[in-house]
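# Chains, contacts and geometry: an overview
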Amino acid sequence: MEKILCEVPAYKWMDDTPFKRWAETASEENKDLFNRVCELSDLFADMIFSQDTPTYEFIRCQSKLSGSDEWVDAEVQLPEPLKYFSYTFFTYHMADLNGYGGKFDMQDRTLTVDLSNFGNDPVLLHEMIHLHEFVINDLPMIYHDAVLYCLYKDLADKIPNLNERVEAHGHILNAGKIARIGGVHDILFLLKSFDLDLKMGYKLGTVFGYGMEDEWDGSPGAET
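Below, the structure is looked at part by part.

### Remarks on the sheet that holds strand S4 (residues 102-105)
- One open sheet accounts for three strands, arranged S3-S5-S4; its pairing is mixed. With one partner strand each, in any of the chains shown, strand S3 (91-95) and S4 form the two edges of the open sheet. Taking each pair of neighbouring strands and ignoring which way they run, the sheet shows an average axis angle of 15 degrees.
- Where S3 lies against strand S5 (residues 110-114), five bridges are found, and the strand directions are parallel. Looking at S5, one finds that Tyr92 is bridged to Leu111.

### Overview of the environment of Val207
- Among the secondary structure elements, Val207 is positioned in the loop between helix H10 (187-200) and helix H11 (212-216).
- Among the residues examined, Val207 registers a relative accessible area of 2% and is labelled buried.
- Considered as a pair, Val207 and Phe194 are 13 residues apart in the sequence and their alpha carbons are 7.4 Å apart.
- Not counting residues up to four positions away in its chain, the partners in contact with Val207 are Pro122, Leu125, His126, Ile129, Ser193, Leu196, Asp197 and Tyr202.

### Focus on the packing of aromatic side chains
- A full pass over the atoms with the stated rule returns 16 aromatic pairs.
- Geometrically, the ring pair formed by Phe58 and Tyr149 is tilted, given 5.4 Å between the ring centres and 45 degrees between the ring planes. Residue Phe58 is found in helix H4 (residues 54-59), and its partner Tyr149 is found in helix H7 (residues 141-155); the two are separated by 91 residues along the sequence.
- Given a relative accessible area of 39%, Tyr149 falls into the partly exposed group.
- Chaining the aromatic ring pairs together yields one cluster made of Trp13, Phe85, Tyr87, Phe89, Phe90, Phe104 and Phe134.
- In this arrangement the basic side chain of Lys192 is found over the ring face of Phe44, its NZ or CZ atom lying 5.3 Å from the centre.

### Re unusual backbone geometry
- Positioned with a positive phi, Asn98 is a non-glycine residue whose angle comes to about 55 degrees.
- Looking at the secondary structure, you find Asn98 in the loop between S3 and S4.
- If you check the backbone angles, Arg109 has positive phi at about 55 degrees while not being a glycine.
- If you trace the backbone, Arg109 turns up in the loop between S4 and S5.

### Re the pattern of salt bridges
- Scanning all chains against the criterion turns up nine salt bridges.
- Two residues, Asp195 and Lys199, come together in a salt bridge whose shortest N-O distance is 3.2 Å. Within this pair, Asp195 and its partner Lys199 are both found in helix H10, separated by four residues, close to a single helical turn.
- Judged by its relative accessible area of 4%, Asp195 falls in the buried class.
- One network of salt bridges, with partners in common, ties together Asp46, Lys192, Asp195 and Lys199.

### Concerning the nonpolar core
- One finds Phe44, Phe49, Leu82, Tyr87, Phe90, Tyr92 and Leu111 to be the most contacted residues of the largest nonpolar core, which totals 58 residues.
- Tallying contributions element by element places helix H6 (residues 121-136) first for this core, with nine residues.
- Not counting the four nearest positions on each side in its chain, Phe90 is found in contact with Trp13, Phe19, Phe85, Phe104, Arg109, Leu131, Phe134 and Val135.

### As for a nonpolar patch on the surface
- Together, Phe58, Ile142 and Tyr149 make up a nonpolar patch on the protein surface, roughly 290 Å² of accessible area in all.
- For Ile142, the position within the fold is in helix H7.

Procedures and definitions
- Residues numbered from 1 in each chain as written.
- Predicted model: local features only at pLDDT ≥ 70, side-chain atom pairs only at ≥ 80, totals over all residues.
- Heavy atoms only, no water.
- Pairing = 2+ DSSP bridges.
- Helix = DSSP H or I, 4+ residues; strand = E, 2+ residues; numbered from the N terminus.
- Axes fitted to C-alpha atoms, helices over the stretch in contact; angles between N-to-C directions.
- Buried < 20%, exposed > 50% of the residue type's maximum accessible area, 1.4 Å probe, protein only.
- Contact = heavy atoms within 4.5 Å.
- Phe/Tyr/Trp six-rings, centres within 6.5 Å; stacked < 30°, edge-to-face > 60°.
- Lys NZ or Arg CZ within 6 Å of the ring centre and 35° of its normal.
- Salt bridge = Lys/Arg side-chain N within 4 Å of Asp/Glu carboxyl O.
- Core = buried A, V, L, I, M, F, W, Y, C linked by side-chain atoms within 4.5 Å.
- Patch = residues over 30% accessible without salt bridge, like charges linked within 9 Å, V, L, I, M, F, W, Y side chains within 5 Å.
- Areas by Shrake-Rupley, 256 points an atom, 1.4 Å probe, with all protein chains shown as cover.

Such coordinate-based values are descriptive only and should not be taken to indicate function.
Shown next as structure tokens:
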């Protein structure tokens, strides 16, 4: 890990020192939270452009062999935050959040879930989207756009009226209302939450929260 950190001085948040200090005194509940994050990590492979994901295929490159007309896959040079991504760059906490279900703090690089939501996967998945968007948003915009496009392309045939749902979410009045309550939840966040709903077998809107599941209760469901 020290070698990696030496290679990526521009990304100061890629540091597992706080995690090591956290691990020394973390409660069993906090450790359980981290373990559950690791168990759910495969659901976010697209957001770190892992091989065999739609996002990796989207940015995959090919080149011709010297003296040949044959095209071969070229190694994709991912930015260090994606290539060396680790959940040990963050710390994990169960705490009283005074009415909030969960919280991801970009400055402290902490993911916290309210004590009342211990074992609540939708809340944890919601905060994990925030964590991964923190990583994506620290990179050139192409990576954010690639994730957004690949999610939209995959969901377009699975979710009825996806365009209408995106437009409703992105309207300035609705987006502003949600931002005032709980911070920015952009269209990428919305699409990733739908992706997780389908993969986990939830009603649409469950991972997003903010009453979205209730708003859509009884509407045509997604094709799974």
